[in-house]
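Residue-level structure breakdown
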Amino acid sequence: MSEPSRLHPATVIFNLVKGIKDSFFLFVIAFVSLINLHILYAILMIVVLVLIIAIASFVSWQRFTYHVEGDELKLEYGVFIRKKRYISKNRVQSIDLTQNLLHRIFKLVKVEIETAGTGAEAEASLNAVTLMQGKALRTELKTLGEVEQLEENHEEKHPARTITRKRLIITGATSGSIGVILAIAGAVSSELSRFIPSDFYDNAYSWVVGLGIIILVMMIIGVFILLWVLGIVGTIIKYWNFTIEKVEEDIVITCGLLEKKHITIPMKRIQAVGYVESLIRQPLGYATVIAEIAGGSNQKGEDFSTVLFPIMKKSEIDNFLTELLPNYTVNQTDFTKLPKRSAKYYLFRTVVPSLVLLIAALYFLPQLTWIPVAILGLSILLGLLQVKDSGYALEDNKLTIRYRNFNKVTMVMNHKRIQAFNKKQHILHRKEKLATIKLSIVGKMGLGKHYHVKELDLEAANKMADWYSYRGV
Amino acid sequence: MRKPPINMISRDAIKAWQITAILYEAIVWILTIVGIVLHFVIDFPLWIVAIVFAVSIVSTYITAFLIPKLRWRRWRYEVFEQEIYIQHGILVVSRTLIPMIRVQHVETKQGPILKKYDLASVSISTAATTHEIPALSNEIASELRDKISTLAKVDEDDV
């Protein structure tokens, strides 16, 4: 692919559609302001606007070329200002192929190439190329050497995992929103019954009003159930047929029902791997396996980490990691927990905000005191869980840390991926020989991602520092 | 990591920080003056003026006289062949290790206040973090920058 080539002509249509969508307000304003003059003017204005956007999308398509030359992907684009962007193969963090419905009609694919650079957008985004070209581009840009590529013909079985239908439904049913919904539904339904005075049902008129309230409650509950079901459907569409595969030195993820995604992540680019046990999934024994990959755009409010597998029994994780990411197996055996004396700091942090809430509630809304009291109880529980769960394990070049804010997070990182190590102690810490550590790795959008383990035993923190230090002890 | 780093930053840092703090404190002092004037002109309640005055005194003492000294006393750094070691903090003591192979770039900076005392700060960036050693003498800062820049050889496979 040394000749500069254009994107598929369908890009013009895509750009046109997108252009019209983005300037929708302009259309409305133009239409509304001209309709008073004459309907024809308004229609003419719309036609002109569409034409302008059409010409702009045609020209930008015509000006956009890409080709791979040597070790670089070269893009040339821009209508008034000509831009050339060269991306070195060695710097590519991930290659995503996405197909939405429009793409699928034309058998096309969108290619997004990401490097570690800062910014929300992908460094190179080819809106529409044929599936063949997309795949060819991917093989060309993959970091592996040519010798290894020849071996690919052997068709050996790659380690892979696919999500089952049942698990997919569980993923949706236990996704974050359910907890919030349940809490709100609980609070609302119990609150509403308090607002109905007992003598309300005394006469027929009030009975109807009472019925109205009951219907209201039913409707609210109905809405929550609907939201929950929508959440499940959303998850199913998003993670449909989620498959993760290890091909040579890359991790390949495919998923999606309406919009097919195909993500290629070179293994070398992975900064940390771990799993998250959310409050709802933990009691069921499920966890989400995630990875931290440098750079990358932050899409649709994803919680920053890349999902390696949406749901998995905790007991299956070891096997999964051994097969796919042997450098990142979680060390479960030598886990060092926090000393007992750190518990008070954790409790302090979780209890103080809810105490403030309680005092405020006592003052302003004494009849609703039970809510902050319940929150206080939960925050004590959370604090205790946080101490119980936090800890670390050191093994050769690998550090496993575990902590909890709400969800329990276990992360494994390699020595060479940690950019800086920080140890903090305040006065009380110094007296009690405790220390908080901070590990910085490269995260999404080229920003740093920092992991904290708070109130470790000082000895442990020093041990970690010595492990990290290049000076030796 | 048990021993603190050995090098201290320039003693003039205290003066530079004091000037910065005083510039900020000027805001509360202006408020105090405005309060006094208002008291005489429109009979603004005296107790509010008194509180603002007290706050001005206490905060000026703390930020301009106490903190710079404590901060300076704690600030240490040491540059080894393989890594950089930094300590700072007043109530919370923070110690950071930055391996040389993780350093992406170093730069020296000098604002007008630092320039007055012929000082400069050195900031060290990795792919994830930035660390600043404030207020070194200009000469040492340049030396340090060049030294770190020669020692920092980023890994082939970094990021």
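Residues numbered from 1 in each chain as written. Chains lettered and ligands numbered in written order. Predicted model: local features only at pLDDT ≥ 70, side-chain atom pairs only at ≥ 80, totals over all residues. Heavy atoms only, no water.

**Observations concerning the overall build of chain B**
- Broken down by element type, chain B carries four helices and seven strands.
- In sequence order, the secondary structure elements of chain B are arranged as β-α-α-β-β-β-β-α-β-β-α.
- Compactness check: chain B gives a C-alpha radius of gyration of 21 Å against a globular reference of 15 Å for 159 residues, more than 25% above the reference.
- Based on the C-alpha atoms only, the size of chain B along its principal axes is roughly 70 × 30 × 30 Å.
- Relative to its full complement of 159 residues, chain B shows a buried share of 43%.
- In chain B, the share of contacts with a sequence separation of at least 24, taken over all contacts with a separation of at least 6, comes to 54%.
- Carbon and sulfur atoms make up 64% of the accessible area of chain B, which amounts to about 8,700 Å² in all.
- Counting 17 positive and 16 negative side-chain charges, chain B places the averaged centre of each group 9 Å from the other. (Helix = DSSP H or I, 4+ residues; strand = E, 2+ residues; numbered from the N terminus. Rg over C-alpha atoms; globule rule 2.2 N^0.38 Å. Buried < 20%, exposed > 50% of the residue type's maximum accessible area, 1.4 Å probe, protein only. Contact = heavy atoms within 4.5 Å. Areas by Shrake-Rupley, 256 points an atom, 1.4 Å probe, with all protein chains shown as cover. Lys, Arg positive; Asp, Glu negative; His and termini not counted. Charge placed at Lys NZ, Arg CZ, Asp CG, Glu CD.)

**Some words on the overall build of chain A**
- Scanning chain A from N- to C-terminus turns up 15 helices and 21 strands.
- Out of the 473 residues in chain A, the part that is buried amounts to 45%.
- Relative to all contacts within chain A whose residues are 6 or more apart in sequence, the contacts with residues 24 or more apart total 60%.
- Of the roughly 24,900 Å² that chain A leaves accessible, carbon and sulfur atoms contribute 66%.

**Thoughts on the sheet that holds strand S10 (residues 250-255) of chain A**
Residue and element names in this part refer to chain A.
- Taken in spatial order, the seven strands of this open sheet run S7-S6-S5-S11-S10-S9-S8, and their pairing is antiparallel. Looking at strand neighbours, the two that pair on one side only are strand S7 (124-130) and strand S8 (160-162), the edges of this open sheet. Strand-to-strand twist in this sheet, taken as the mean axis angle between neighbours without regard to direction, amounts to 15°.
- When strand S6 (residues 108-115) meets S7, the two strands line up antiparallel, connected through five bridges. If you follow Val 109 over to S7, its bridge partner there is Val 129.
- In the packing of helix H1 (residues 10-22) onto the sheet, the strands contacted are S6 and S7, and the crossing angle to S7 comes to about 125°. (Pairing = 2+ DSSP bridges. Axes fitted to C-alpha atoms, helices over the stretch in contact; angles between N-to-C directions.)

**Comments concerning the interface of chain B and chain A**
- Between chain B and chain A, the contact holds 28 residues from the first and 34 residues from the second.
- Between chain B and chain A lies a buried interface of about 2,600 Å² when both sides are counted; carbon and sulfur atoms form 50% of it.
- At the junction of chain B and chain A, the tally comes to zero salt bridges.
- Applying the counting criterion to the chain B and chain A interface returns ten residue pairs in polar contact (both at pLDDT 80 or more).
- Looking at the side of chain B that touches chain A, the elements that each hand over two or more residues are strand S3 (83-88) and strand S4 (93-99) of chain B. (Buried area = accessible area lost by both parts, 1.4 Å probe. Salt bridge = Lys/Arg side-chain N within 4 Å of Asp/Glu carboxyl O. Polar contact = N/O pair within 3.5 Å; in protein donor to acceptor, adjacent residues only side chain to side chain.)

**A short note on the sheet that holds strand S5 (residues 103-109) of chain B**
Residue and element names in this part refer to chain B.
- Read across the open sheet, the three strands follow the order S5-S6-S7; overall the sheet is antiparallel. Where the open sheet ends on each side, the last strands, each with one partner, are S5 and strand S7 (130-137). Strand-to-strand, the axes of this sheet are offset by a mean angle of 15°, without reference to chain direction.
- Here strand S6 (residues 119-126) runs beside S7; their pairing, made up of six bridges, is antiparallel. In the strand pairing of S7, Val 122 is matched with Ile 133.

**Thoughts on unusual backbone geometry**
- The backbone of Lys 433 of chain A sits at a positive phi, close to 55°, despite the residue not being glycine.
- Secondary-structure assignment places Lys 433 of chain A in the loop between helix H14 (427-432) and strand S20 (434-442).

**Topic: the domain arrangement of chain A**
Residue and element names in this part refer to chain A.
- Under the domain assignment, chain A is made up of domain 1 (5-148), domain 2 (165-239), domain 3 (243-338 + 390-468) and domain 4 (340-387).
- Between domain 2 and domain 3, the residue contacts involve eleven residues of the former and 15 residues of the latter.
- Buried surface at the junction of domain 2 and domain 3, summed over both partners, amounts to about 1,100 Å²; 62% is from carbon and sulfur atoms.
- For the domain 2 face of the interface with domain 3, the top three residues by lost area are Arg 167, Thr 174 and Tyr 239, together amounting to 49%. (Domains from an automatic or database assignment.)

**What about the domain arrangement of chain B?**
Residue and element names in this part refer to chain B.
- Domain parsing of chain B yields domain 1 (7-72) and domain 2 (77-151).
- Taking only C-alpha atoms into account, the centre of domain 1 sits 29 Å from that of domain 2.
- Surface buried jointly by domain 1 and domain 2 totals about 1,100 Å² across both partners, of which 73% is contributed by carbon and sulfur atoms.
- Looking only at domain 1, the three residues that lose the most surface to domain 2 are Asn 7, Ile 9 and Ile 19, adding up to 39% of its buried area.
- In this assembly, domain 1 and domain 2 are joined by zero salt bridges.

**Some points on the confidence of the model for chain A**
All names here are of chain A.
- For chain A, per-residue confidence averages 81 on the pLDDT scale, and 85% of positions sit at 70 or higher.
- When pLDDT is averaged over each element of chain A, strand S19 (residues 420-425) comes out on top at 92 and helix H6 (residues 146-151) at the bottom at 40.
- Segment residues 144-155 is flagged for pLDDT under 50; beyond a separation of four residues in sequence, or across chains, it makes ten contacts in the model. (pLDDT = per-residue confidence, 0-100.)

**Some thoughts on helix H5 (residues 131-141) of chain A**
Residues and elements named next belong to chain A.
- Taken as a whole, H5 has its buried residues at Gly 134, Leu 137, Arg 138 and Leu 141. Buried residues of H5, viewed axially, fall in a sector of 100°; they line one side.
- In this structure, the buried residues of H5 make contact with strand S2 (65-69), strand S3 (72-77), strand S5 (92-99), S6, S7 and strand S11 (260-266). (Arc of directions from axis to C-beta.)

**Thoughts on the pattern of salt bridges**
Residues and elements named next belong to chain A.
- Applying the stated criterion across every chain, the model contains 18 salt bridges over all chains.
- Taking the shortest distance from any N to any O, the salt bridge between Glu 455 and Arg 349 comes out at 2.8 Å. Of the two residues, Glu 455 is situated in strand S21 (residues 448-457) and Arg 349 in helix H12 (residues 343-364); the sequence distance between them amounts to 106 residues.
- With a relative accessible area of 34%, Arg 349 lands in the partly exposed category.
- Taken together, the salt bridges that share partners define one network made up of Glu 277, Lys 314, Lys 388, Asp 389, Arg 404 and Lys 408.

**With respect to the packing of helix H1 (residues 12-42) of chain B against helix H2 (residues 46-74) of chain B**
Residues and elements named next belong to chain B.
- Between H1 and H2, the shortest axis-to-axis distance is 9 Å and the interhelical angle comes to 180°. Classified by the angle between their axes, H1 and H2 sit roughly antiparallel to one another.
- Its residues assigned to classes, the contact of H1 with H2 shows 18 nonpolar, eight polar and three charged. (Parallel < 35°, antiparallel > 145°, perpendicular 65-115°, else oblique. Nonpolar A, V, L, I, M, F, W, Y, C, P; charged D, E, K, R; others polar.)

**Thoughts on a nonpolar patch on the surface**
Residues and elements named next belong to chain A.
- The grouping of Phe 24, Val 28, Phe 31, Val 32, Ile 35, Ile 39, Leu 40, Ile 43, Val 47, Leu 51 and Ile 55 at the surface amounts to a nonpolar patch, some 970 Å² of accessible area in total.
- For the nonpolar patch, the secondary structure elements donating two or more residues are helix H2 (24-35) and helix H3 (39-63).
- Topologically, Leu 51 is positioned in helix H3.
- Assessed through its relative accessible area of 49%, Leu 51 is described here as partly exposed. (Patch = residues over 30% accessible without salt bridge, like charges linked within 9 Å, V, L, I, M, F, W, Y side chains within 5 Å.)

**Section: the packing of aromatic side chains**
- Evaluated as defined, the whole model comprises ten aromatic pairs over all chains.
- Between Phe 58 of chain A and Trp 61 of chain A the ring centres are 5.7 Å apart and the planes differ by 45°, which places this aromatic pair in the tilted class. Taken together, the positions of Phe 58 of chain A and Trp 61 of chain A, both in helix H3 and three residues apart, correspond to about one turn of that helix.
- Judged by relative accessible area, which is 42%, Phe 58 of chain A ranks as partly exposed.
- Look at Trp 61 of chain A and you get buried, because its relative accessible area is 13%.
- Counting every residue linked through ring pairs, the aromatic cluster contains Tyr 239, Phe 242, Phe 309 and Phe 320 of chain A.
- Seen from the ring of Tyr 286 of chain A, Lys 313 of chain A lies directly overhead, with NZ or CZ sitting 4.6 Å from the centre.
- Over the ring of Trp 72 of chain B we find Arg 11 of chain B, and its NZ or CZ is 4.6 Å from the ring centre. (Phe/Tyr/Trp six-rings, centres within 6.5 Å; stacked < 30°, edge-to-face > 60°. Lys NZ or Arg CZ within 6 Å of the ring centre and 35° of its normal.)

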